[in-house]
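# Observations on chain architecture
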There are 2 protein chains.
Amino acid sequence: MLTYTEENYLKAIFQLQEDEKGKISTNSIAERLSTTPATVSDMLQKLAAKKMVNYLKYYGVSLTAGGKKKAINVVRKHRLWELFLYEKLEFNWDEVHEIAEQLEHIQSETLVQKLYDFLGKPKTDPHGDPIPDEEGVFPDLNTIPLAVVAVRKDAIVIGVSDHRPDFCNTYKRLV
Amino acid sequence: MLTYTEENYLKAIFQLQEDEKGKISTNSIAERLSTTPATVSDMLQKLAAKKMVNYLKYYGVSLTAGGKKKAINVVRKHRLWELFLYEKLEFNWDEVHEIAEQLEHIQSETLVQKLYDFLGKPKTDPHGDPIPDEEGVFPDLNTIPLAVVAVRKDAIVIGVSDHRPDFCNTYKRLV
DNA sequence: AATAAAATTTAGGCAAATCTAAAAATTAAT
DNA sequence: ATTAATTTTTAGATTTGCCTAAATTTTATT
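The text that follows walks through the structure, step by step, so that each part is easy to find. Residue positions are given per chain, counted from 1 along the sequence in the order it is written. For naming, the first written chain is A and the first written ligand is 1, with later ones following in the order written. Local features in this predicted model are restricted to residues whose pLDDT is 70 or higher, and side-chain atom pairs enter the listing and the counts only when it is 80 or higher, whereas totals over whole chains, interfaces and linings include all residues. With hydrogens and water set aside, each side-chain value is computed from the structure's full complement of heavy atoms.

## A look at the relation of the copies chain B and chain A
Laying chain B over chain A is done by rotating through 180° and shifting 0.0 Å along the axis; what remains is an RMSD of 0.0 Å. What the rotation and shift describe, once combined, is the action of a two-fold rotation axis. Every residue of chain B has its C-alpha some distance from the rotation axis, and the shortest such distance is that of B:Leu103, at 3.8 Å. We call two residues in contact when some of their heavy atoms are within 4.5 Å. Both copies share a contact surface, since 100% of the interface residues of chain B are interface residues in chain A too. The copies were overlaid by least squares, fitting only the C-alpha atoms of residues that reach a pLDDT of 70 or more in each copy.

## Re the protein's contact with DNA strand D
Close to DNA strand D lie 21 residues, the nearest being A:Tyr55, A:Lys57, B:Thr3, B:Thr35 and B:Thr39. Sugar plus phosphate, as a fraction of atoms of DNA strand D within 4 Å of the protein: 75%. In the analysis that follows, any N or O atom pair within 3.5 Å is treated as a polar contact, provided that within protein one partner can donate a hydrogen and the other can accept it, and provided that, for residues neighboring in sequence, both atoms belong to side chains. Within the contact set of DNA strand D, a phosphate oxygen lies 2.9 Å away from a backbone nitrogen or oxygen of A:Asn27. For DNA strand D, a phosphate oxygen lies 2.3 Å from a polar atom in the side chain of A:Lys57. Runs of H or I in DSSP of at least four residues are treated as helices and runs of E of at least two as strands, each being numbered from the N terminus. Going through the elements one at a time, helix H2 (26-32) and helix H3 (37-49) of chain A together with helix H1 (4-20) and helix H3 (37-49) of chain B are the ones with two or more residues in the surface near DNA strand D. The element contributing the most residues to the surface near DNA strand D is H3(B), with five residues. When residues are sorted by character, Ala, Val, Leu, Ile, Met, Phe, Trp, Tyr, Cys and Pro go into the nonpolar class, Asp, Glu, Lys and Arg into the charged class, and all the rest, Gly among them, into the polar class. Looking at the surface near DNA strand D residue by residue, the classes come out as eight nonpolar, ten polar and three charged. If a single non-hydrogen atom of a residue is within 4 Å of a molecule or strand, that residue counts as near it.

## Considerations on the interface of chain B and chain A
Listed by partner, the interface residues are 19 residues for chain B and 19 residues for chain A. Summing both sides of the interface, chain B and chain A together bury roughly 1,600 Å²; the carbon and sulfur share of this comes to 77%. Each of two parts loses accessible area, computed with a 1.4 Å probe, when they are put together; buried area is these two losses added. Area buried by chain B at its contact with chain A is led by B:Leu89, B:Gln102 and B:Lys114, which between them contribute 31% of it. Any carboxyl oxygen of Asp or Glu that lies within 4 Å of a side-chain nitrogen of Lys or Arg is treated as forming a salt bridge with it. Inspection of the region where chain B meets chain A yields zero salt bridges. In this structure, the connection of chain B to chain A is made through four residue pairs in polar contact (both at pLDDT 80 or more). Taken together, the elements giving at least two residues each to the side of chain B that touches chain A come down to helix H4 (65-88), helix H5 (96-103) and helix H6 (109-118) of chain B. When residues in the side of chain B that touches chain A are grouped by element, the largest group, five residues, is from H6(B).

## Regarding the protein's contact with DNA strand C
Lining the immediate environment of DNA strand C, one finds 20 residues, of which A:Thr3, B:Ser41, B:Gln45, B:Tyr55 and B:Lys57 sit closest. Backbone atoms, meaning sugar and phosphate, make up 74% of the atoms of DNA strand C lying within 4 Å of the protein. Between DNA strand C and the protein, one listed contact pairs a phosphate oxygen with a side-chain N or O atom of A:Thr3 at 2.5 Å. Breaking the surface near DNA strand C down by element, the ones donating at least two residues are H3 of chain A together with helix H2 (26-32) and H3 of chain B. Here the surface near DNA strand C takes five residues from H3(A), the largest share from any one element. Across the surface near DNA strand C, the residue classes break down as seven nonpolar, ten polar and three charged.

## Some points on the packing of aromatic side chains
Paired rings are identified among Phe, Tyr and Trp, the last through its six-membered ring, by centres lying within 6.5 Å, and are further divided according to the angle between planes into stacked (under 30 degrees), edge-to-face (over 60) and tilted (the rest). If you walk through the whole model with that rule in mind, you get eight aromatic pairs over all chains. Considering the side-chain rings of A:Trp81 and B:Trp81, the 6.1 Å spacing of their centres and the 85° angle between planes classify their relative orientation as edge-to-face. Of this pair, A:Trp81 sits in helix H4 (residues 65-88) while B:Trp81 is found in helix H4, placing the two residues in two different chains. As far as the burial class goes, A:Trp81 and B:Trp81 line up, both buried. A network of ring pairs unites the aromatic residues A:Trp81, A:Phe84, A:Phe118, B:Trp81, B:Phe84 and B:Phe118 as a single cluster. Looking at B:Arg76, its charged tip hangs above the ring of B:Tyr116, at a distance of 4.4 Å from the centre. A cation over an aromatic ring shows up here: B:Lys88 above the ring of B:Phe118, its NZ or CZ 4.7 Å from the ring centre. Only protein chains enter the accessibility calculation, which uses a 1.4 Å probe; a residue whose area is less than 20% of its type maximum is buried, one above 50% is exposed, and one in between is partly exposed. We call a charge positioned above a ring when the Lys NZ or Arg CZ atom is no farther than 6 Å from the ring centre and deviates by at most 35 degrees from the ring normal.

## So, H5(B)
For H5(B), the complete set of buried residues consists of B:Val96, B:Ile99, B:Ala100, B:Gln102 and B:Leu103. Taken around the axis of H5(B), the buried residues stretch over an arc of 155°, which confines them to a single face. Considering only its buried residues, H5(B) is in contact with H4, helix H5 (96-103) and helix H6 (109-118) of chain A together with H1 and H4 of chain B. This arc corresponds to the set of directions leading from the helix axis out to the C-beta atoms.

## Re a nonpolar patch on the surface
Among the surface-exposed residues, A:Leu56, A:Tyr58 and A:Tyr59 lie close enough to one another that they form a single nonpolar patch of about 490 Å² accessible area. Tracing the backbone shows A:Tyr58 in the loop between strand E1 (53-56) and strand E2 (60-63). Like-charged residues are merged into a patch within 9 Å and nonpolar side chains (Val, Leu, Ile, Met, Phe, Trp, Tyr) within 5 Å, provided each residue has over 30% relative accessible area and no salt bridge. Accessible surface area values rest on a Shrake-Rupley calculation with a 1.4 Å probe, where residue burial reflects the displayed protein chains alone.

## Some remarks on the pairing of strand E2 (residues 60-63) of chain B
Residue and element names in this part refer to chain B. Bridge count for strand E1 (residues 53-56) against E2 is four bridges, and the pairing is antiparallel. Residue pairing in the sheet places valine 53 in a bridge with leucine 63 of E2. In textbook terms, the turn of a hairpin is the stretch between consecutive antiparallel strands, and for E1 and E2 this stretch comprises three residues, one of which, tyrosine 58, has a positive phi near 70°. We call two strands paired when DSSP finds no fewer than two bridges between them.

## With respect to the pattern of salt bridges
Residue and element names in this part refer to chain B. As enumerated under the stated definition, the model contains twelve salt bridges over all chains in all. The salt bridge involving lysine 50 is made with glutamate 6; its shortest N-O contact spans 2.8 Å. Of the two residues, lysine 50 is situated in the loop between H3 and E1 and glutamate 6 in helix H1; the sequence distance between them amounts to 44 residues. Since its relative accessible area comes to 5%, glutamate 6 is described here as buried. The residue arginine 79 makes a salt bridge to aspartate 125 at a minimum N-O spacing of 3.9 Å.

Nothing here speaks to function; it is all geometry.
Here's what the structure looks like:
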């Protein structure tokens, strides 16, 4: 069983891996988690001992198959809870992230499954991010960055990548 | 801010105080929380330092006004989440306790309030236990123990005090 | 009331997660 | 290719929550 903190590390590594596409540095993890590189170094060794990451000192980390599975499950739970808060409890979309950071660590596979069904097997969260299915597969949303949409061409905004309340608060909601 | 563990101590003390009506012993807390008396002794001193309990060595503990408020809030959250799991996610009533033990520690007053409204400001959880309102006041349910109901008199069962899955599982649901 | 039993607290330790400061390794720059 | 700068790791501490074993205090028994 992983601790709350360990789950956060796996999620951070997973998300950095998506963005940066290369080796993940100790510093980038530290920055993302607002901690020190020393602490990250320590934790990576623990996660390596638990076979959650492949770790070579001074070279960087990547997730093992098992680590990736755990990470995706955390992301799935985070996004499902965000959607629940937004759709069912009528939170604003800028308020949901912080609470979902806590809810994503609740342990119960049955709960995730029932929440998924309750929300109608959704494909995206309130920020437009894809929600993986029970197998950990992300839906293909066929999106392109707004910056590359041709001039005078119609387009539908389906998501934002900046989740900070300050940014989200600029808009009432998507679409 | 209280830790997850501290919240569990306050809840345990609160519930023991309701049952036993006298001084709460170190041993009874240890038993309820499945830990050792030594650990409890330690924690009581920490909680006393935080003004959450009145504690006199070798004599027992009681909650301060502040500690009681926190404890009731945890109970409130626990019961609201249980009801959510049961009513909205269709869990069996014997499965909800364990998950609610985790959910009761999610920090967000807004969340509790919105959940309360979402569930229709309920008065009882799936076990028939009263849910305190936003002020921490428990609704008066006007109940008597089944054992003192007169012979040949009609009565409606509104709750059970044993929350263990084994016991609850004997019945499909209340009423 | 003295002693035995039970309850409680203290002492000393351990693991997790964090930090700062120092050391080591890698990368960049002249 | 040395040296300087940066990144990463190790070392040594701290806090929280927990344990066992020993000491202390209270309660019960004869």
